[in-house]
Amino acid sequence: MALASFGTPRDSELLVAYLDRCLRRPDLAYDQTVAMGALRFIDLNLQGDQAARFLGPGGLWQQWLQDASHMQDTTDPATYLSLIRRLLPLRRRVRRSEMTATLCAQDTCL
């Protein structure tokens, strides 16, 4: 999620490397779905197509979903893009709140 909030080409590269490694392991149930959502989010913002290599026919995303029994109910990557879109504003609000609390604790509260 942090990489999606930064949204740089380097963040996209990191997500691609993570997905390339973890989608080859259907026994792993980490945060591949969130990583895919973050990658799609960055692709949309940068007009990139890094996620396409995973999402095409026979791509690692489809293979992982097929082989990972814990993922059988959720297959549409748009679901995870939507999740990132909903969570990012919340994360920004929490971060602003934390920054305000820090400033107030340092007697620099505005």
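Residues numbered from 1 in each chain as written. Predicted model: local features only at pLDDT ≥ 70, side-chain atom pairs only at ≥ 80, totals over all residues. Heavy atoms only, no water.

J.: Where do I start with the nonpolar core in this structure?
T.: A general tendency of soluble globular proteins is for nonpolar side chains to be buried together. Counting residues in each nonpolar core, the largest one holds 22 residues, and the members touching the most others are L19, L23, L39, F54 and W61. Contributions of two or more residues to this core are made by α2 (9-22), α3 (32-46) and α5 (60-67). (Core = buried A, V, L, I, M, F, W, Y, C linked by side-chain atoms within 4.5 Å. Buried < 20%, exposed > 50% of the residue type's maximum accessible area, 1.4 Å probe, protein only. Helix = DSSP H or I, 4+ residues; strand = E, 2+ residues; numbered from the N terminus.)

J.: Which parts of the structure should I look at to understand the packing of aromatic side chains?
T.: The description of an aromatic ring pair rests on the distance of the ring centres and on the angle between the ring planes. Per the counting criterion, the structure on display carries one aromatic pair. Consider the rings of W61 and W64, whose centres lie 5.6 Å apart with planes at 40°: the pair is tilted. Of the two residues, W61 and W64 are both situated in helix α5; the distance of three residues between them amounts to about one turn of the helix. The class for W61 is buried, based on a relative accessible area of 0%. Residue classification places W64 among the buried positions, given a relative accessible area of 1%. (Phe/Tyr/Trp six-rings, centres within 6.5 Å; stacked < 30°, edge-to-face > 60°.)

J.: In this structure, what is going on with the side chain of D43? I would like to understand it.
T.: Considering the arrangement of structural elements, one finds D43 in helix α3. Not counting chain neighbours up to four residues away, the residues in contact with D43 comprise S12, G48, D49, Q50 and A51. (Contact = heavy atoms within 4.5 Å.)

J.: Help me understand α5, please; the structure alone is not making it clear to me.
T.: Residues lying three or four places apart along an α-helix face the same way, a consequence of the helix completing one turn every 3.6 residues. Of all the positions in α5, only L60, W61, W64 and L65 are classed as buried. Buried residues along α5 cover an arc of 130° about the axis, so they all sit on one side. Counted as exposed and oriented over 90 degrees from the buried face of α5: Q66 and D67. (Arc of directions from axis to C-beta.)

J.: Help me understand the pattern of salt bridges, please; the structure alone is not making it clear to me.
T.: Opposite charge on two side chains allows them to pair when their charged atoms are near. Following the criterion strictly, the structure yields four salt bridges and no others. Of the charged contacts in the structure, one is a salt bridge between R24 and D20, with a shortest N-O distance of 2.9 Å. The closest approach of N and O atoms between D27 and R25, which form a salt bridge, is 2.6 Å. Residue classification places D27 among the exposed residues on the basis of a relative accessible area of 53%. Overall, the relative accessible area of 40% leaves R25 in the partly exposed class. Each of D20, R24 and R53 takes part in a single network of salt bridges with overlapping partners. (Salt bridge = Lys/Arg side-chain N within 4 Å of Asp/Glu carboxyl O.)

This is a description of form; function is not addressed.
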